[in-house]
Amino acid sequence: MQWPARRETMKRMRVVIIGAGFSGAALAALLARHKPALDVMLLERGPRFGPGLAYSTKDTRHLLNVRASNMSALADQPDDFVRWLRGRGSRDAGAFAPRQSYGEYIEHVLSRARRSRWRGGLKLVRDEALACRRNGDKWRITLAAGADINADAVVLALGHAAQSPLSAFAQSGVTPIEPWRADALRTISPAADVLIMGAGLTMFDVVLSLTKRQRTGTIYALSRRGLAPRGHLEFAAPPGEPLRLPGALSAAVHEFRREAARMQARGEPWQMAMDRLRADSPALWRRLPPDAQQRFLRHLRPWWDAHRHRAAPEVAARIAALQSESRLRVLAGEVVAVRPSGNTIEVRHRQRGSLVRHRIEVARVINCTGASNHMSHSRDAIVRQVLEEGVARAHAAGLGLDVDEDGRVLSQTGAVQAGLYALGPITQGAFWEATAVPEIRVRAAALAETIAAG
């Protein structure tokens, strides 16, 4: 593997970032402008560097769920995305921009970093990393193309894991559609009934795509609790004073409910309570012992996700209108049986809190259950390798890899792996707030400084 030619006589640090979605691209852009200059390689197995799966959609009805004013990729340039949008004719910093536009913006951030006069050797390589092993004081990465490369520092920025398979469909002969298969969605007749498994933000996107054309068929969305995301406020509310909660889970929940009730009595919307909690939620999560984290994931996470990860107001309004017209029906329960029936699929489901089975017939099933960051479900060769060989260990909560406060990967024995880092959704078990741009960009900035300091 050839690195960019160097003019300096002093040896420069070589950094390899595995994964070029938002997390990897943002970190690469920061490292590329660092002084002293670094040699940075950004590895990506997909077709594009920057957008990742989240921002690769071509459907302009798919909107960001954060206002443009808070979506800069760079923590030290908070208006960077807004300025980019203005250069393309958009003036509203409070708008929820199309995710397609955001993917293009991340590509622009990378391109700009490569042109920067401060750049080191930022190299984009399309390949897949299969393994990462210690090699003396460096790390050796094995690529699918057959080459090995050595690096002083490696960052696992793998993004969201693949979706979990639907166990109820495993033996049925029915293969659910992946939600980002736009070609497959286009083949679904507007007259056909459709079942979406999952009721989160991905379900919203699929519903918007399916209703581009006038539909006469019904869209069903089924999840265990039937909790769909709430909507953002029409206006950007002031952040308010950070909400600090007790360290014990039960006490924290009770105090949050009391504060939300007090805010409601003052006429303040509940969204502001969630926003006040956002700054302290990573610290609160880290204070919880593993058993309390597991209880949160089992019992409270669906409620958290529905209120924390909200939809753009116009998207929420569109979904509400479809529900009021019974064109979209959100169901709470679980699938108990699946059987192909001619040109349709017979699905029997049991509603939550009931033993009664209900039957629906649909033309297609779409899997919108979301990514699983549980390491036991990972299909990434490099994740399986680092876990099997003890280079890394899964977080006790089951979400991603275990890392220290600076993002350094911990080995199977709990030892810090010098020079091996993780960033983004794969660190959710350690930081909880690790999937949204505002939090990732701050961690990327801190990690860039940590890496550069050696």
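Located above this text is the structure these notes cover.
Reference entry: report on the structure contained in this document. (Residues numbered from 1 in each chain as written. Predicted model: local features only at pLDDT ≥ 70, side-chain atom pairs only at ≥ 80, totals over all residues. Heavy atoms only, no water.)

**Brief notes about the overall build of the chain**
Helix and strand content of the chain: 13 helices and 15 strands. Here the C-alpha radius of gyration of the chain, 23 Å, is about what a compact globule of 454 residues would show, namely 22 Å. When each of the 454 residues of the chain is scored for burial, the buried share is 51%. Within the chain, counting contacts between residues at least 6 apart in sequence, those at least 24 apart form 69% of the total. Positive and negative side-chain charges in the chain, numbering 66 and 43 respectively, have mean positions lying 3 Å apart. (Helix = DSSP H or I, 4+ residues; strand = E, 2+ residues; numbered from the N terminus. Rg over C-alpha atoms; globule rule 2.2 N^0.38 Å. Buried < 20%, exposed > 50% of the residue type's maximum accessible area, 1.4 Å probe, protein only. Contact = heavy atoms within 4.5 Å. Lys, Arg positive; Asp, Glu negative; His and termini not counted. Charge placed at Lys NZ, Arg CZ, Asp CG, Glu CD.)

**Some words on the pairing of strand 11 (residues 344–351)**
Residues in a regular strand project their side chains so that they alternate between the two faces of the sheet. Bridge count between strand 10 (residues 328–341) and strand 11: 8 bridges; the pairing is antiparallel. Counted as the bridge partner of Ser341 is Thr344 from strand 11. In textbook terms, the turn of a hairpin is the stretch between consecutive antiparallel strands, and for strand 11 and strand 12 (residues 357–362) this stretch comprises 5 residues, one of which, Gly353, has a positive phi near 80 degrees. (Pairing = 2+ DSSP bridges.)

**Brief notes about the nonpolar core**
In a soluble, globular protein the nonpolar side chains are often hidden away together inside. Ile17, Phe22, Leu27, Leu31, Phe81, Tyr102 and Ile451 are the most contacted members of the largest nonpolar core, which totals 46 residues. Of all elements in the fold, only strand 1 (14–18), helix 1 (22–32), strand 2 (39–44), helix 2 (80–87), helix 3 (99–115), strand 7 (153–156) and helix 13 (437–452) reach the threshold of two or more residues within this core. Per-element accounting of this core gives the leading share, 9 residues, to helix 1. Those residues within four positions of Leu27 in sequence are excluded, and the remaining contacts are Ile17, Val155, Leu423, Ala444, Leu447, Ala448 and Ile451. (Core = buried A, V, L, I, M, F, W, Y, C linked by side-chain atoms within 4.5 Å.)

**Digging into unusual backbone geometry**
Peptide bonds are trans in most cases, and residues, glycine excluded, mostly fall at negative phi. Look at Ser326: it is not a glycine, yet its phi comes out positive at around 60 degrees. Positionally, Ser326 belongs in the loop between helix 10 (313–324) and strand 10. Of the residues examined, Ser326 reaches a relative accessible area of 46% and is grouped as partly exposed. A positive phi angle is found at Trp432, which is not glycine, with a value near 65 degrees. Along the chain, Trp432 turns up in the loop between helix 12 (428–431) and helix 13.

**Topic: the layout of surface pockets**
In this structure, the second largest pocket spans a volume of roughly 860 Å³. If you list the elements that add at least two residues to the lining of the second largest pocket, you get helix 7 (270–278) and helix 13. Classifying every residue of the lining of the second largest pocket by side-chain character gives 13 nonpolar, 7 polar and 11 charged. (1 Å grid on protein atoms, 1.4 Å probe; cavity = no way out; pocket = protein on both sides within 12 Å on 5 of 7 lines; lining within 4 Å. Points joined across faces, edges and corners; volume = space filled by probe spheres on them. Nonpolar A, V, L, I, M, F, W, Y, C, P; charged D, E, K, R; others polar.)

**Observations concerning the pattern of salt bridges**
By the definition in use, this model includes 39 salt bridges. Measuring nitrogen to oxygen at the nearest pair gives 2.5 Å for the salt bridge that ties Asp76 to Arg33. Of this pair, Asp76 sits in the loop between strand 2 and helix 2 while Arg33 sits in the loop between helix 1 and strand 2, and the two are 43 residues apart along the sequence. Classification of Arg33 as partly exposed rests on a relative accessible area of 26%. Taking the shortest distance from any N to any O, the salt bridge between Glu259 and Arg276 comes out at 2.9 Å. Here Glu259, found in helix 6 (residues 249–265), pairs with Arg276, found in helix 7; they are 17 residues apart in sequence, far enough to count as distant. On the accessibility criterion, Glu259 (9% relative accessible area) is buried. If you follow the salt bridges from partner to partner, you end up with Glu255, Arg258, Glu259, Arg262, Arg266, Glu268 and Arg276 in one network. (Salt bridge = Lys/Arg side-chain N within 4 Å of Asp/Glu carboxyl O.)

**Concerning the pairing of strand 7**
Side chains Ala153 and Val155 project from strand 7 onto one buried face, and the interleaved Val154 and Leu156 project onto a second face that is buried too. Sheet topology note: the strand 1/strand 7 ladder contains 4 bridges and is parallel. Opposite Val15, over in strand 7, you have Ala153 as the bridge partner. Where strand 7 and strand 15 (residues 416–422) come together, 3 bridges link them in parallel fashion. Looking across to strand 15, one finds that Leu156 is bridged to Ala422.

**Concerning helix 7**
Within helix 7, 7 of the 9 residues are buried, which leaves the element mostly enclosed by the surrounding structure. Inspection of helix 7 places Gln271, Met272, Ala273, Met274, Arg276, Leu277 and Arg278 among the buried residues, and these make up the whole buried set. Packed against the buried residues of helix 7 are helix 6, helix 8 (281–287), helix 9 (290–308) and helix 13.

**Here's the deal with the sheet that holds strand 8 (residues 194–197)**
Spatial strand order, 12-11-10-9-8-13: 6 strands in an open sheet with mixed pairing. The outermost strands of the open sheet, each flanked by one partner alone, are strand 12 and strand 13 (364–367). On average, adjacent strands in this sheet sit at an angle of 40 degrees to one another, irrespective of strand direction. The strands that helix 5 (residues 201–210) touches are strand 8, strand 9 (219–223), strand 10 and strand 13; relative to strand 8, the one it contacts most, it runs at about 160 degrees. (Axes fitted to C-alpha atoms, helices over the stretch in contact; angles between N-to-C directions.)

**A word on the packing of aromatic side chains**
Summed over all chains, the structure comprises 12 aromatic pairs. A centroid spacing of 4.8 Å and a plane angle of 50 degrees characterise the contact between Phe81 and Tyr105, whose relative ring orientation is tilted. On the criterion of sequence distance, the pair formed by Phe81 in helix 2 and Tyr105 in helix 3 is long-range, its members being 24 residues apart. Pairwise contacts between aromatic rings join Phe22, Tyr55, Phe81, Trp84, Tyr102 and Tyr105 into one cluster. The ring of Phe431 has Arg443 sitting right over it, with the charged end atom 3.6 Å from the ring centre. (Phe/Tyr/Trp six-rings, centres within 6.5 Å; stacked < 30°, edge-to-face > 60°. Lys NZ or Arg CZ within 6 Å of the ring centre and 35° of its normal.)

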